[in-house]
Amino acid sequence: NFPVLDGLTVRTDSEKVKKHRKLVIELIMARAPGAPQIREMAKRLGVEDVRHRPQQDELCILCGLCARVCDEAIGAQALTFIGRGGLKDVGTPYAEASENCIGCGACEAVCPTGAITMTESNGRRRIWHRDFEMVACTKCGRSYITVEQMHHLVSRTDLDESYFELCDECSRRAVAVKMLENVV
């Protein structure tokens, strides 16, 4: 917010900065009192008692990383901020299953507090109110990618669906075997 100028001094450990950090962590704790990462940050900053009443027992701190990775890195645009004020949240539009979601799980991977959950069992993945069929590796049988994710990647790259026959581990193994065959 401030232009960088020659000779500029930035103080990150002043009493004023520490006071503002404590206030911000208190507000975040009011939003997500159940998040262990937030409690640990509060402890490091010396915040023990919160003056603000927790709104709800949330883990989401509204950082927006999930919506950003979905939009910018994946290109699915399935997540957004919904609601306003104290009711603001991150999720799919109208908190319903989104046709844009490809079930890739990138949102879960970047969530710093573990607020986003994804489950997998019997060749199916569940995330954001939706069930996804998984593609199984033809070599080891492990389910590793959703059908929607595969189609999304095929449409955005020059890869063919046959590229997704092997999981990453079996694909690496196959490449290693080919390399060894060429050496011997």
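Rules of the game
Residues numbered from 1 in each chain as written. Predicted model: local features only at pLDDT ≥ 70, side-chain atom pairs only at ≥ 80, totals over all residues. Heavy atoms only, no water. Patch = residues over 30% accessible without salt bridge, like charges linked within 9 Å, V, L, I, M, F, W, Y side chains within 5 Å. Areas by Shrake-Rupley, 256 points an atom, 1.4 Å probe, with all protein chains shown as cover. Salt bridge = Lys/Arg side-chain N within 4 Å of Asp/Glu carboxyl O. Helix = DSSP H or I, 4+ residues; strand = E, 2+ residues; numbered from the N terminus. Buried < 20%, exposed > 50% of the residue type's maximum accessible area, 1.4 Å probe, protein only. Polar contact = N/O pair within 3.5 Å; in protein donor to acceptor, adjacent residues only side chain to side chain. Contact = heavy atoms within 4.5 Å. Axes fitted to C-alpha atoms, helices over the stretch in contact; angles between N-to-C directions. Parallel < 35°, antiparallel > 145°, perpendicular 65-115°, else oblique. Left-handed = near helix turned anticlockwise from the far one by under 90°. Nonpolar A, V, L, I, M, F, W, Y, C, P; charged D, E, K, R; others polar. Core = buried A, V, L, I, M, F, W, Y, C linked by side-chain atoms within 4.5 Å.

Peer 1: Account for a nonpolar patch on the surface, naming residues and giving values.
Peer 2: There is a patch of nonpolar side chains on the surface, built from Phe-2, Val-4, Leu-5, Leu-8 and Val-10 and spanning about 560 Å² of accessible area. Relative to the helices and strands, Val-10 is located in the segment before helix H1 (15–31).

Peer 1: Kindly report on the side chain of Thr-92, identifying the contributing residues and their values.
Peer 2: Its location among the elements puts Thr-92 in the loop between strand S2 (89–91) and helix H4 (106–110). In this structure Thr-92 comes out as buried when scored by relative accessible area, which is 1%. A distance of 2.5 Å separates the side chain of Thr-92 from the backbone oxygen of Glu-96, its partner in a polar contact. Apart from residues lying up to four places away in sequence, Thr-92 is in contact with Ala-78, Leu-79, Ile-82, Ser-98, Trp-128 and His-129.

Peer 1: If you had to explain the packing of H1 against helix H2 (residues 36–45) to someone new, which residues and values would you point to?
Peer 2: The angle between the axes and the distance between the axes are what describe a pair of packed helices. At a minimum axis separation of 10 Å, H1 and H2 run at an interaxial angle of 155°. Taken as axis vectors, H1 and H2 run roughly antiparallel relative to one another. The two elements H1 and H2 meet at a crossing, and its hand is left-handed. Mapping the contact onto sequence places Arg-21, Lys-22, Ile-25, Ile-28 and Met-29 in H1 and Ile-38, Arg-39, Met-41, Ala-42 and Leu-45 in H2. Here the residues of the contact of H1 with H2 sort into seven nonpolar, no polar and three charged.

Peer 1: So what about the nonpolar core? Which residues, and what values?
Peer 2: In this structure, Cys-66, Leu-79, Cys-101, Cys-107, Ile-116, Ile-127 and Trp-128 are the most contacted members of the largest nonpolar core, which totals 15 residues. A per-element tally of this core places helix H3 (residues 65–74) first, with three residues. Leave out the neighbours within four places in its chain, and Trp-128 touches Leu-79, Val-90, Gly-91, Thr-92, Ala-97, Cys-101, Cys-107 and Ile-116. Ranked by size, the runner-up nonpolar core spans eight residues in total, among them Val-135, Tyr-144, Ile-145 and Cys-167.

These results come straight from atomic positions and should not be treated as a statement about function.
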